[in-house]
Amino acid sequence: MIPITIEGLHKKFGEVTALNGISLRIEKGELFFLLGPSGCGKTTLLRHIAGFYMPDSGRIFFGDEDVTQVPPHKRNTGMMFQSYALWPHMTVAKNVAFGLEERRMPSAEIKKQVEAALESVQMQQYADRKIAQLSGGQQQRVALARALVIRPRCLLLDEPLSALDVKLKKVLQAELKRLHRSVGVTFVHVTHDLEEAMMLADRICVMRAGKILQLGEPADIYYRPADPFVAGFIGETNLMPVTVTGRSGAQVSYESGEVVDAQGSLPASLVAGDVGQGPALMNVRPELIRRCEPDAAVDCKLPATVTEVFTKGGTMQYRARSPQGLELAIEIQGTSHLPMQLGEDVWLGWAKKDIWVLKPGEA
């Protein structure tokens, strides 16, 4: 179990900049997620950690050891690919044993460690089966066992659940979390699945175009996004234009020409540090908005017309449009709320404590 430190990593493939000055530290024992759209550089970064790519500049440390130029087989990392990369002609046990055999470990010790690894992923009863006889979920467990049996310093996972159906993915997400707790190894997990990252991660690194946009715990990134792109990528949200009019100590004054009772002030803790006077955006997540009465004593409210109604299990999702054309998303769980009807004129309200003010930018 080691921390991983990355300093100023740059990588180009021809004219394409894949990594543009990446610096971060992954703490030992973390379940750390690299999240972002396709082509953002997350898999390229993972492959640098594994040693499959050499950077144009920058350094990578495992603990205090500089491994930047160390080849993959000497880094002692476990790697799990999206395709699992299992050998179909071998049995489950032989697949798991492969890395230990490459290290010329005694046969008795290999047998013992393979049995323990298969038991950890609840696959010991399938040891003699061929890979083709297993389901996708079982193959995923074998790939995990093979990656863990060598007792790696860190485990690197490249979208290992992306090919699975929704039900099986849920089961194996819980399995990954359990395994992480039990083995205590640093996990670095690449995904473009927002829900997976939010559910499993200790911390998330959001990337775009080879750069880090935000690094933090899931709740921080969700409720305190660094910019409009992160706000929208990390989940559906509402971004409403406001004007920051000044700062006075721990308070930030703002106003909106559309939101009723929005004039006033917010604690500076609800405003991104790089926001100055002038145009800004008020970020409010859909689940924090409720229907209210026109004279309700809520911090912020506005009139709107319901334009869409969706049912998602026990969750109601609505779209509404204000008289000035502002589009809003509302999400309400359970049945205790007063339902809204398509075409209905309503008032929507939210609390100041649920606001996050950030700078305008590219969404």
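Residues numbered from 1 in each chain as written. Predicted model: local features only at pLDDT ≥ 70, side-chain atom pairs only at ≥ 80, totals over all residues. Heavy atoms only, no water.

1. Notes on the sheet that holds strand β6 (residues 77-80)
And step 1. Spatially, the six strands line up as an open sheet ordered β6-β7-β8-β3-β9-β10, and their pairing is mixed. The outermost strands of the open sheet, each flanked by one partner alone, are β6 and β10 (211-216). Taken over all neighbouring pairs, the strand axes of this sheet differ in orientation by 15 degrees on average, direction set aside.
And step 2. Both strand β9 (residues 203-208) and β10 contribute to a ladder of five bridges, which runs antiparallel. Each bridged residue has a counterpart across the sheet, and for M207 the counterpart in β10 is I212.
And step 3. Sheet strands touched by helix α1 (residues 42-50): β3 (31-35), β6, β7 (154-158), β8 (186-191) and β9. Its angle to β7, the strand with the most contacts, is close to 150 degrees.
And step 4. Relative to β8, helix α5 (residues 166-183) is tilted by about 160 degrees, and along the sheet it contacts β3, β7 and β8. (Pairing = 2+ DSSP bridges. Helix = DSSP H or I, 4+ residues; strand = E, 2+ residues; numbered from the N terminus. Axes fitted to C-alpha atoms, helices over the stretch in contact; angles between N-to-C directions. Contact = heavy atoms within 4.5 Å.)

2. Side note on unusual backbone geometry
And step 1. Backbone geometry at R104 places phi at a positive 55 degrees, although glycine is not the residue there.
And step 2. Locating R104 in the fold gives a position in the loop between α2 (92-102) and α3 (107-120).
And step 3. The backbone phi angle of R151 is positive, close to 55 degrees, even though this residue is not glycine.
And step 4. With respect to the helices and strands, the residue R151 is situated in the loop between α4 (136-149) and β7.

3. Let's talk about the packing of α4 against α5
And step 1. Direction vectors running N to C along α4 and α5 enclose 20 degrees, while the axes themselves pass 11 Å from each other. Considered as vectors, α4 and α5 are oriented roughly parallel to each other. The hand of the α4/α5 crossing is right-handed. Listed contacts from α5 to G136, G137, Q140, R141, L144 and L148 of α4 are L168, V171, L172, E175, L176, L179 and V183.
And step 2. Its residues placed into classes, the contact of α4 with α5 shows eight nonpolar, three polar and two charged. (Parallel < 35°, antiparallel > 145°, perpendicular 65-115°, else oblique. Left-handed = near helix turned anticlockwise from the far one by under 90°. Nonpolar A, V, L, I, M, F, W, Y, C, P; charged D, E, K, R; others polar.)

4. Structural notes on the packing of aromatic side chains
And step 1. With the rule as written, the count across this model stands at four aromatic pairs.
And step 2. The interplanar angle of 40 degrees and the centroid separation of 4.5 Å between the aromatic rings of W87 and F98 together place this pair among those described as tilted. In this pair, W87 sits in the loop between β6 and α2 while F98 sits in helix α2, placing the two residues 11 residues apart along the sequence.
And step 3. Look at W87 and you get partly exposed, because its relative accessible area is 30%.
And step 4. Taken together, a centroid distance of 5.6 Å and an interplanar angle of 15 degrees make the contact between F229 and F233 stacked. You can see F229 and its partner F233 sitting in helix α8 (residues 228-233), four residues apart, about one turn around the helix.
And step 5. The class of F229 is buried, set by a relative accessible area of 10%. (Phe/Tyr/Trp six-rings, centres within 6.5 Å; stacked < 30°, edge-to-face > 60°. Buried < 20%, exposed > 50% of the residue type's maximum accessible area, 1.4 Å probe, protein only.)

On their own, these measurements won't tell you what the molecule is for.
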